[in-house]
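# A closer look at the structure
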Amino acid sequence: MQVQANRMQITRTWKEPVMEQKRLGSIPQDQYESVFMPGPFYGSDFNTTSSVSLNGQTPEAGGQDVWRNVPVYEADGKPKMTEVTKTLTEDPYDTKKSSLISAGVGGALGVAAAAGLTAILGHGGAAMAVSSLLGGAAGGGAGYLIGQKSTQGDTIVEKQVTANINHPSLVGYEHTIDPDVTYQAHTHYPDHHHSQDGEPHTDTIKILRGYQHTYTPEISNRSVGTYTYPTLEHTAKVSPGVGGLISGLVGVGAGAGIAAIVGAIL
């Protein structure tokens, strides 16, 4: 494996809290409730969510258990700490690779936006070909510059991060009810329902089949201490991923703009 220039590798020792998995309690089990006789449904098919508080009570076993990492404590009530030694390695962003990725994203979306807008506006094949070519070139060029400028000169620095030691507690749960709705075509015949021309009328109705009940735990975290650990960070403010996203947005804008101009000319 080739080692990238300016790679930073450090070995540091620090103290972290000792954690263990503990059951905090339980909440109701997810379940599906079938309706006795499926039929027309006139309510909203959007789900609804309500919050249920345990009011400080300790939930009994049953349903679905909720487990979380909980700090282990010393006899004096302070979180127990353990010494760890780790090696951290990080490479600077590859400017060339980032530029090519951003150029590809910007170019592809530039072509797509130009072709799409040209089709929507109803212009001919010549306009679409020219718009796509220019939109892809503009989006790709802009993307290349964004990828290059955003990661150029990136280096790796060591920083210290302070984190909370949290003790989680189960304080309640959210109950979400999601209607299970299907859509069916229904024909009304003249004996029961007349349209203006007296012919049978067909429309789409919603049929309720049941409800999906989903329960999600609500966790409260109480800070019982802090600890500090090292991390490696990039000096570049924009990562290749974010640069690619920006390039894509620029490509869409460039492609749409060029399509509008070319369509007006041709």
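Computed from a predicted structure; not experimentally measured. (Residues numbered from 1 in each chain as written. Predicted model: local features only at pLDDT ≥ 70, side-chain atom pairs only at ≥ 80, totals over all residues. Heavy atoms only, no water.)

### Some words on the overall build of the protein
Short version of the rule: For the purposes of this entry, the term helix denotes a DSSP run of H or I that reaches at least four residues, the term strand denotes a run of E that reaches at least two, and both are numbered from the N terminus. Accessible area is worked out with a 1.4 Å probe on protein chains only. A residue is then buried under 20% of its type maximum, exposed over 50%, and partly exposed in between. When checking whether two residues touch, look at their non-hydrogen atoms; a contact exists if any pair is within 4.5 Å. In short, Shrake-Rupley with a 1.4 Å probe defines the accessible areas, and a residue's cover is counted only from the protein chains shown.
The number of helices and strands found in the protein is three helices and eight strands. Counted from the first residue to the last, the protein has its helices and strands arranged as β-β-β-β-β-β-α-α-β-β-α. Looking at the 266 residues of the protein, the share that counts as buried comes to 29%. The contacts of the protein with a sequence gap of at least 6 include a subset with a gap of at least 24, amounting to 90%. Of the accessible surface of the protein, which amounts to about 16,300 Å², a share of 54% is contributed by carbon and sulfur atoms.

### Considerations on the packing of aromatic side chains
The test is simple: Pairing of aromatic rings covers Phe, Tyr and the six-membered ring of Trp, with a centre-to-centre limit of 6.5 Å; geometry is then stacked below 30 degrees between planes, edge-to-face above 60, and tilted otherwise.
The final tally for this structure, using the stated rule, is two aromatic pairs. Taken together, a centroid distance of 5.8 Å and an interplanar angle of 70 degrees make the contact between Tyr173 and Tyr215 edge-to-face. With Tyr173 in strand β7 (residues 156-188) and Tyr215 in strand β8 (residues 201-234), the pair connects residues that are 42 residues apart, well separated along the chain. Tyr173 sits in the buried class, given a relative accessible area of 15%.

### Section: the pattern of salt bridges
Worth spelling out the cut-off: Any Lys or Arg side-chain nitrogen located within 4 Å of an Asp or Glu carboxyl oxygen qualifies as a salt bridge.
Inspection of the entire model under this criterion finds seven salt bridges. With its nearest N and O atoms 3.6 Å apart, the salt bridge here joins Lys159 to Glu233. Within this pair, whereas Lys159 is found in strand β7, its partner Glu233 is found in strand β8, the two being separated by 74 residues in sequence. A salt bridge links Asp180 to Arg209, with the nearest nitrogen and oxygen atoms 3.2 Å apart. With Asp180 in strand β7 and Arg209 in strand β8, this pair connects stretches of sequence that are 29 residues apart. Note on Asp180: relative accessible area 21%, which makes it partly exposed. With a relative accessible area of 40%, Arg209 lands in the partly exposed category.

### Some remarks on the environment of Val242
Tracing the backbone through its elements, the reader meets Val242 in helix α3 (residues 240-265). Separated by 92 residues in the primary sequence, Val242 and Ser150 have C-alpha atoms spaced 9.3 Å apart.

### A word on a nonpolar patch on the surface
The following threshold applies: Like charges are joined within 9 Å and nonpolar side chains (Val, Leu, Ile, Met, Phe, Trp, Tyr) within 5 Å, but only among residues with over 30% relative accessible area and no salt bridge; these make up the patches.
A cluster of nonpolar residues, Leu100, Tyr144 and Leu145, forms a patch on the protein surface that exposes about 300 Å² of accessible area. Of note, Tyr144 is situated in helix α2 (residues 125-151).

### Looking at the side chain of Ser99
Defined as follows: Polar contacts here mean pairs of N or O atoms no more than 3.5 Å apart (in protein, one a potential hydrogen donor and the other a potential acceptor; neighbouring residues in sequence count only if both atoms are side-chain atoms).
With respect to the helices and strands, the residue Ser99 is situated in helix α1 (residues 95-121). Residue class for Ser99 comes out buried when judged on its relative accessible area of 1%. From its side chain, Ser99 meets the backbone nitrogen of Gln148 in a polar contact 3.1 Å long. Ser99 has contacts with Gly143, Tyr144, Gly147 and Gln148, leaving out every residue within four places of it along the chain.

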